[in-house]
Amino acid sequence: NLEANTTYYLKVEDGAKATGKYELSVRYKNDVVPNTKDRSVPVRFNEKVIQSMDGEGDVDWYSFQTVSDVAFYTVTVKNNNCSKLRFYIYDSHMNQKAMCDYIYSNSQKSSNIKLDTNTTYYLRIDDGANATGEYEILISYKYDTVGDTKEKAYSLTVNQTMVSSLDGTGDVDWFCFTTGR
């Protein structure tokens, strides 16, 4: 990655007193996803993002804002044709919340994690192997409908059947009921 609006110089010399014709070209590829957290690209929930790793040292940063209710977030990265990818989820203080390593070509990995409400989180993707190629991102969430503490327990009535699920790593579901006489 080179700095914008900067002049770079190339030197060609014959090191071994050789002569001959050569060709030289410089190609430019616009890196549409910024390499810094501060310029991250916002991602909307349930909307697939298709992007690419643009070469050696490329790092792509995305951001998303969590909802106002308690929820679990699933971040899925599909590697379409890079040699391998990895991704990390950070909070605004760069505390790592999750990581998925070694997502090989033609495969995908997900992280399912409970995150704080009304908070911006950052998704960093890098190629881990200085490769180029295409990848996809999908971020979704599911509300945690059953309280995670005794004080927020879901109230059951006697003879009621409740069907629920644990929504992700660290989920705890509390229920309560009151007996009759």
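Predicted model, so just to flag it, every value in this text is computed and none were measured. (Residues numbered from 1 in each chain as written. Predicted model: local features only at pLDDT ≥ 70, side-chain atom pairs only at ≥ 80, totals over all residues. Heavy atoms only, no water.)

Asker: I keep staring at the pairing of strand β4 (residues 71–79) and nothing clicks. Help me out?
Answerer: Within a regular strand, side chains alternate between the sheet's two faces. The buried count for β4 comes to seven of nine residues, which makes it a mostly enclosed element. Pairing geometry for β4 and strand β7 (residues 107–115), over nine bridges, is antiparallel. Bridged to K78 within β7 is Q108. Direction of pairing for β4 relative to strand β9 (residues 132–143): antiparallel, over a ladder of nine bridges. Within β9, the residue paired with T76 across the bridge is L138. (Buried < 20%, exposed > 50% of the residue type's maximum accessible area, 1.4 Å probe, protein only. Helix = DSSP H or I, 4+ residues; strand = E, 2+ residues; numbered from the N terminus. Pairing = 2+ DSSP bridges.)

Asker: So what exactly am I meant to see when it comes to the sheet that holds strand β1 (residues 41–42) here?
Answerer: In sheet architecture, strand pairing relies on hydrogen bonds along the backbone and comes in two forms, parallel and antiparallel. Reading across from one edge, β1-β3-β8-β5-β6 is the order of the five strands in this open sheet, with mixed pairing throughout. The sheet is open, and its two borders are formed by β1 and β6 (96–104), each paired with just one other strand. Pairing of strand β5 (residues 84–90) with β6 involves six bridges; the strand directions are antiparallel. Across the sheet, K84 pairs through a bridge with Y104, a residue of β6.

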